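Now for the letters of each chain:
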Amino acid sequence: MATRPEVIDLTDVDMFVRDEHHDAFSWLRANDPVYLNRTVDGDAFWALTRYRDVVSAYGDHTTFSSSGGAMLGGSFRNETDTASGRMLVASDPPRHRLLRQIMHQVFSPATGERVQEHVRSLVEKALSRMEKNGGADFATDVAPELPAGALMAIMGVSYEEAHHLIGLTRRMLGYRDPAFGDLGSDERVRLAEIQAEIFEFFDDLVRSRRRAPGDDLIGVLLRARINARPLDDEEILYNCLNVAVGGNETSSYSACSGMLALLNDPAQLRLLWKTPDLVDSAVGEILRWSSTNAYVQRVALRDVEFAGKHIGAGDVVTLWNVSANRDEDVFPRADRFDIERRPNRHLSYGSGIHRCIGAVFAQLELSILFRCLLDQGAALELAGEPERLRSNFILGITRLPIRLAGGGR
Ligand code: HEM
């Protein structure tokens, strides 16, 4: 049984950077599963930490609205311009259903084929470079090739454009990390500035495609009609932003967390190398273990009694995937990384109507990476201290030096 940490504040980014959040969640699940988290600025939000409560809130979108965006503090908004109801992840039905139908056209088997081709080719090249150099920083030299390949397929951009965009979204989600910029100015201003840069990128891209839209995301959004009306410019930009932010950091940070979990557990690594058929199951466990998207935010639309607590209309409610994924009621020996875990109904992609639309692609990207590593046959080991992203929203590893050990596997 975990002891109660002094004061639990889930906005304390340092707790996540030190990887000490699991104890706090374990205590909350057992003692105060629907927790009113008061913050230093005098705000408060509810934190749901048990698997069953998180699933239940995901499933009740008529009570728990997505219109405030997924991240605490309204990441994708500023006062004059709002993504609410216009960006897929920040919209509620019926608008959400209509936008999702449009976006589904891009997340098709045909795009999946292209994602596979690009990702495999980029990963193979990155692994050959790593082999030639005897090692690499997996977090910067290998993992970003996953979203780069996906972006090339989904948006029809070049390799250079894909990496430029990844650099921008990385700064956006790392806005509290000094590694991604000067923290001197106000957080909201910094976020708005990076968002403006990303919008500029997409504005240029959309403009260049208007005359001859292709069958990629930009073309689908340009051709889309809702009630016979085209999407307006901002709606197109917001949904490009949604795909970029949704897909860029998540798959590459999950790859790093998975690599680190395997390197920290040589028996599991050996098991995977010996049993290639376990790749898909290992990817599932990597997703559960990493819980890269730690939580999502909702706003209560009405007063509701929830698991014994009174949640008021307008209250902010957070659904902690990272905690639900370690709930012993659902995952026996939840604190053990087990690539053979079955069943493994992790919540890393969320649940309900907003469940990750890119999940199939993320799964493809991660399994291609680990299959390529298997094929390469090199023995890998940690070559330095990993560094974690300063965030409580995206749990990522920004530095992961590894080297090829002599003598093979
Ligand atoms: C390991 C990788 C990934 C993880 C952990 C992840 C996680 C999530 C989660 C938790 C949600 C639900 C948000 C909510 O309920 O508010 C979500 C939604 C979404 N994800 Fe992912 N994601 C991943 C990969 C991707 C990829 C590769 C793409 C696109 C290329 C993508 C695009 C999206 C979009 C557009 C949504 C909004 C869906 C909706 O609101 O209907 N994600 N993702």
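Predicted model, so just to flag it, every value in this text is computed and none were measured.

Peer 1: I would appreciate a short explanation of the overall build of the protein chain in the present structure.
Peer 2: Summing up its helical and strand segments, the protein chain has 15 helices and 14 strands in all. On C-alpha atoms alone, the protein chain measures out to a radius of gyration of 21 Å, which is about the 22 Å that the 2.2 N^0.38 rule sets for 409 residues. C-alpha atoms of the protein chain, sized along the principal axes, occupy 60 × 60 × 45 Å. Sorting the 409 residues of the protein chain into buried and exposed places 57% on the buried side. Residue pairs in contact within the protein chain that sit at least 24 positions apart in sequence constitute 70% of those at least 6 positions apart.

Peer 1: What should I look at first to understand the sheet that holds strand 2 (residues 44-48) in this one?
Peer 2: As a general point, the strands of a sheet are linked pairwise by backbone hydrogen bonds and lie either parallel or antiparallel. The 5 strands lie next to each other as 1-2-10-7-3, forming an open sheet whose pairing is mixed. Of all strands in the sheet, those with a lone pairing partner are strand 1 (34-38) and strand 3 (64-65), marking the two edges. The pairing of strand 2 with strand 10 (residues 316-320) spans 3 bridges and is classified as parallel. Bridge pairing in strand 10 places Ala47 opposite Thr318. Across the sheet, helix 3 (residues 51-59) lies against strand 1, strand 2, strand 3, strand 7 (295-300) and strand 10, angled at about 125° from strand 10, the strand it touches most.

Peer 1: Hey, could you run me through the packing of helix 5 (residues 109-133) against helix 15 (residues 359-376) in this one?
Peer 2: Packed helix pairs are characterised by how far apart their axes lie and by the angle those axes make with each other. At a minimum axis distance of 9 Å, the contact between helix 5 and helix 15 shows a crossing angle of 35°. In this structure, the crossing between helix 5 and helix 15 has a hand that is right-handed. Residues Thr111, Gly112, Val115, Gln116, Val119, Arg120, Val123, Glu124, Leu127, Ser128, Met130 and Glu131 of helix 5 pack against Phe361, Leu364, Glu365, Ile368, Leu369, Cys372, Leu373 and Gln376 of helix 15. Of the residues contributing to the contact of helix 5 with helix 15, the split by class is 11 nonpolar, 5 polar and 4 charged.

Peer 1: Would you mind going over the side chain of Glu235 with me for this structure?
Peer 2: Mapping Glu235 onto the fold places it in helix 11 (residues 233-264). Ignoring sequence-local partners within four residues, the contact set of Glu235 consists of Arg86 and Arg95.

Criteria and cut-off values
- Residues numbered from 1 in each chain as written.
- Predicted model: local features only at pLDDT ≥ 70, side-chain atom pairs only at ≥ 80, totals over all residues.
- Heavy atoms only, no water.
- Helix = DSSP H or I, 4+ residues; strand = E, 2+ residues; numbered from the N terminus.
- Rg over C-alpha atoms; globule rule 2.2 N^0.38 Å.
- Buried < 20%, exposed > 50% of the residue type's maximum accessible area, 1.4 Å probe, protein only.
- Contact = heavy atoms within 4.5 Å.
- Pairing = 2+ DSSP bridges.
- Axes fitted to C-alpha atoms, helices over the stretch in contact; angles between N-to-C directions.
- Left-handed = near helix turned anticlockwise from the far one by under 90°.
- Nonpolar A, V, L, I, M, F, W, Y, C, P; charged D, E, K, R; others polar.

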